[in-house]
Amino acid sequence: MCGIVGCIGVKNPVEYLIEGLKELEYRGYDSAGIAVKDENEIKVIKAVGKLKNLEDKVKKSGLKNPEFGIGHTRWATHGKPTEINAHPHRGAFSAVVHNGIIENYQEIKKELQKEGIEFISQTDTEVIVKLFEYYYEGDSFKAFEKTLKKLEGAYAILLITKYEDKIFFAKKGSPLIVAKNGNEIYFASSDAPLIGYAEKAHYLEDGEYGVADNEIHLYNDSQKISPYFKSLPTNKESAKKGGFRFYMEKEIYEQYDVLKENTLGRNTPDGIKFDELDREFFEGINNIIISACGTSYHAGLVGKYLLERDAKIRTNVEVASELRYREPLLTKDTLFVVISQSGETADTLETLKMAKKAGLKTLALCNVDNSSIVREADKTILLRAGIEKGVASTKAFATQVMTLWMLSNYLAQKNEYEAINEAIEVTKVDSALHEKIKRLSKRYLHGHGFFYIGRDIFFPLALEGALKLKEISYIHAEGYPAGEMKHGPIALADPDLYVVALLSKNILFEKTKSNIEELVARDATVLTVSSEYIEMTDDFIKINDTAHPMVEFFEMMLVTQLLAMEVAIRMGNDVDMPRNLAKSVTVE
Ligand code: AGP
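Residues numbered from 1 in each chain as written. Predicted model: local features only at pLDDT ≥ 70, side-chain atom pairs only at ≥ 80, totals over all residues. Heavy atoms only, no water.

Engineer: For the pattern of salt bridges, give the residues involved together with the corresponding values.
Structural biologist: A side chain with one charge can pair with a side chain of the opposite charge if their charged atoms come near. In total, this model carries 33 salt bridges according to the counting rule given. Linking Lys171 and Asp206 is a salt bridge whose minimum nitrogen-to-oxygen distance equals 2.4 Å. Here Asp206 lies in the loop between strand E11 (200-203) and strand E12 (208-212) and Lys171 lies in strand E8 (residues 164-172), a separation of 35 residues in the sequence. Classification of Asp206 by relative accessible area gives partly exposed; the value is 44%. Residues Glu425 and Lys428 are paired through a salt bridge, measuring 3.5 Å at the closest nitrogen-oxygen approach. Look at Lys428 and you get partly exposed, because its relative accessible area is 44%. (Salt bridge = Lys/Arg side-chain N within 4 Å of Asp/Glu carboxyl O. Helix = DSSP H or I, 4+ residues; strand = E, 2+ residues; numbered from the N terminus. Buried < 20%, exposed > 50% of the residue type's maximum accessible area, 1.4 Å probe, protein only.)

Written out as structure tokens, the structure is:
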């Protein structure tokens, strides 16, 4: 997720911009920049990599008397992490920073290019400032309003122009906050940068926009409205976690917004679109190999069910650390797909190199642009999950599965637009559900281990649910195909064996239900997660009734994530940094 800052009416605007961007580093970024009005010009300074690089450039830039400005840290979603693609983007007399995705940017870009307007970046953001200058006829606010009316998608925007000592702002779908301290006005995309500079802030709602000089002039649908100021948090660390107890909790709650970003411009009423792909890339492909590790491997397993069932393409999913040493048969009609949150997992990267050496086409599903895996793969679909700080992967897994679902639809030319949106909706955490799971977790602290069971796509989810629990509670847990329990593991059944049963109403309900009955008959303690209540279960967590198994999947995913987290919290563990684990396993 990109970070945004801005300020006007401030004695030393550059200090706030740089310090504010530092407070946003935790959100992850690959480049950064600021734009200020200095000596009647808009000056833009940008740098790739760490903020220190930007700071050094600012010091050498010779700014004389910066009056006000905007700043940005970029997490690449459109276009490589380069200085040209870094924000702020500029025109002849203005500059803009933006968080979100402009869905219709290509259409706008083409229209402006026909008018002879040039573009230098690969980003969607550049169309905002070029459109503003195209509409500008002396009235900046009017040009800004006209620009906003043209944009489709999600945005948090700050724009400045050399003609007026003002900051233009707008919010739709991406967070933006404005704070006031006397005549000083500050902007940020989250609380942390504002703490210490102001005490109260207005959290913009979707559709709100306006202009700040020494006052905040706020509008919605051309009607002037008054800002509603709320107290800012006082603790920066807590603010970075969004007030949650752990980054993992924050990231679970972020899944709704992150999945909207992941599908924006891709899941459309007319079906799936990937800017990153063209159908020619898949010509001659008769089968797919997916290579990954850990949680990413579990996402790949879900992809197998979807790709074979929907796209009718034979798909094998491999644990990268096994694949790389067993001299696999790699044929050129195989699409080699690697899935990785970090893009730096050594085993996964080595299998990618092996596939490339064998002449296979390669595709990466990855969350970090410019990572080793992204640089190595022929094509990449970015997950757009933003930085994931919790070692136990949650929102990255959600976007991996969502991306695989969209890819299956894309290859099958199938349109599940509504179901995808329904699946996103169920990831919005219901506080009553979370409270129930928090209470229930006290019963599951001292057994001699867990089985997570499921069938079809719920078997990989069982594997993932078990991994989540293992990773952060240190209690042993196994994911198992529900139909396999009678082939041995059921010997473990007793009251201290905890079973989390993922009971889909839409896939093999009766069969899974009888597997639960077998376990209950042998006195195992069973927690059933389903839309359908079943009498004999010891505990029950109800999910929404839906006709689509993937909607069930995403809600059960949420339940297993929250359960693992609440058990681990009761164990007193460091949920974000579990013992023995690293966020990215860059060694073999
Ligand atoms: C998942 O919670 C773990 N953090 C781990 O299994 C992780 O998924 C695995 O190491 C793969 O990492 P990657 O997605 O960055 O390649």
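On we go from here.
Engineer: Can you explain the packing of aromatic side chains? Please cite residues and give values.
Structural biologist: Counting across every chain of the model gives 29 aromatic pairs. Between Tyr186 and Tyr197, the ring centres sit 5.3 Å apart and the planes meet at 50 degrees, which makes this aromatic pair tilted. A residue pair is termed long-range when its members are at least 10 positions apart, and Tyr186 in strand E10 (residues 184-188) and Tyr197 in the loop between E10 and E11 qualify at 11 residues. Both residues of the pair, Tyr186 and Tyr197, count as buried. Measuring from centroid to centroid gives 6.3 Å for Phe458 and Phe553, while their planes differ by 45 degrees, and the two rings are tilted. (Phe/Tyr/Trp six-rings, centres within 6.5 Å; stacked < 30°, edge-to-face > 60°.)

Engineer: Could you give me a rundown of helix H17 (residues 549-570), with the residues and numbers involved?
Structural biologist: Look at H17: 31 Å from first C-alpha to last across 22 residues, which is about the 32 Å you get at 1.5 Å a residue. Along H17, 20 of the 22 residues are buried, which leaves the element largely enclosed by surrounding structure. Looking one or two residues past H17, Gly572 carries a phi angle of roughly 80 degrees, positive in sign. (Expected span 1.5 Å × (residues − 1).)

Engineer: Please set out helix H4 (residues 126-135) residue by residue, giving values where relevant.
Structural biologist: Counting buried positions along H4 yields 9 of 10 residues, so the element is predominantly enclosed. Among the residues of H4, Glu126, Val127, Ile128, Val129, Lys130, Leu131, Phe132, Glu133 and Tyr135 are the ones counted as buried. Where the residues of H4 are buried, they touch strand E5 (89-90), strand E6 (94-102), helix H3 (105-114), helix H5 (140-150) and strand E7 (153-161). (Contact = heavy atoms within 4.5 Å.)

Engineer: Residue-level account of the pairing of strand E18 (residues 287-292), with values.
Structural biologist: Counting buried positions over the 6 residues of E18 gives 6, a clear majority of the element. Burial of E18 is two-sided: the residues Asn287, Ile289 and Ser291 facing one way and the residues Ile288, Ile290 and Ala292 facing the other way are all buried. Across 6 bridges, the pairing between E18 and strand E19 (residues 314-319) is parallel. Note on E19: the bridge partner recorded for Ile288 is Thr315. With helix H8 (residues 294-310) bridging E18 and the parallel E19, this β-α-β connection has right-handed handedness. Examined bridge by bridge, E18 and strand E20 (residues 334-340) share 5 bridges and lie parallel to one another. Bridging across to E20, Ser291 finds its partner in Val338. (Pairing = 2+ DSSP bridges. Right-handed = clockwise from strand over helix to strand, strands pointing away.)

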